[in-house]
Amino acid sequence: MTVGPGPAGDPGLQPERTRLAWRRSLLALTAVTVLTVRLALTGDAAGAVLAGAAVAGWAAALSLCWGRAVGSGPVRATSRTMPALALAAAWQATLGVLLVLRGLG
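Residues numbered from 1 in each chain as written. Predicted model: local features only at pLDDT ≥ 70, side-chain atom pairs only at ≥ 80, totals over all residues. Heavy atoms only, no water.

(A) Looking closely at helix 2 (residues 45-70). Across its 26 residues, helix 2 extends 36 Å between first and last C-alpha, which sits within 8% of the 38 Å expected from 1.5 Å per residue. Considering bend angle alone, the principal kink of helix 2 is centred on Leu-64 and spans about 45°. Every buried residue belonging to helix 2 is among Gly-47, Leu-50, Ala-51, Ala-53, Ala-54, Gly-57, Ala-61, Cys-65, Arg-68 and Ala-69, and all of these are buried. A positive phi of about 95° marks Gly-71, the residue just after helix 2. (Helix = DSSP H or I, 4+ residues; strand = E, 2+ residues; numbered from the N terminus. Expected span 1.5 Å × (residues − 1). Bend = angle between axes of the 7 residues up to and from the residue. Buried < 20%, exposed > 50% of the residue type's maximum accessible area, 1.4 Å probe, protein only.)

As structure tokens, this is what we get:
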């Protein structure tokens, strides 16, 4: 009996792992959005604009990724999904920097 590497992977589990990865990405983006909105809402107009921008970026990413996260969309990402999610994450980071700079001033 030879002991060697097993099968390369179970292709039946890959779609589930992919859905879970999309869910984790959306959950992380949702948590960052909630924290951004919490920091931005200080009662002034600039904070309300930053909070609105954070929610807009989150909604755009959510609308593109929701089908993959719940399993009703295609398993493989299209050419616009990954860049959109990366753009939403960069947008949240930019808003975070703006909030920090606004708090320092």
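Okay, back to it.
(B) Representation of helix 1 (residues 14-40). For helix 1, spanning 27 residues, the distance from its first C-alpha to its last is 39 Å, which sits close to the expected 39 Å at 1.5 Å a residue. Within helix 1, the full set of buried residues consists of Trp-22, Leu-26, Leu-29, Thr-33, Thr-36, Val-37 and Ala-40.

(C) Representation of the confidence of the model for the protein chain within the structure. Taken over all residues, the pLDDT of the protein chain has a mean of 75, while the share at 70 or more is 80%. Helix 1 holds the highest mean pLDDT among the elements of the protein chain, 82, whereas helix 3 (residues 81-104) holds the lowest, 78. (pLDDT = per-residue confidence, 0-100.)

(D) Broad picture of the packing of helix 1 against helix 2. Axis separation between helix 1 and helix 2 bottoms out at 9 Å; the angle between their running directions is 170°. Here helix 2 runs roughly antiparallel to helix 1, going by the angle between their axes. For the contact of helix 1 with helix 2, the per-class residue count stands at 17 nonpolar, four polar and three charged. (Axes fitted to C-alpha atoms, helices over the stretch in contact; angles between N-to-C directions. Parallel < 35°, antiparallel > 145°, perpendicular 65-115°, else oblique. Nonpolar A, V, L, I, M, F, W, Y, C, P; charged D, E, K, R; others polar.)

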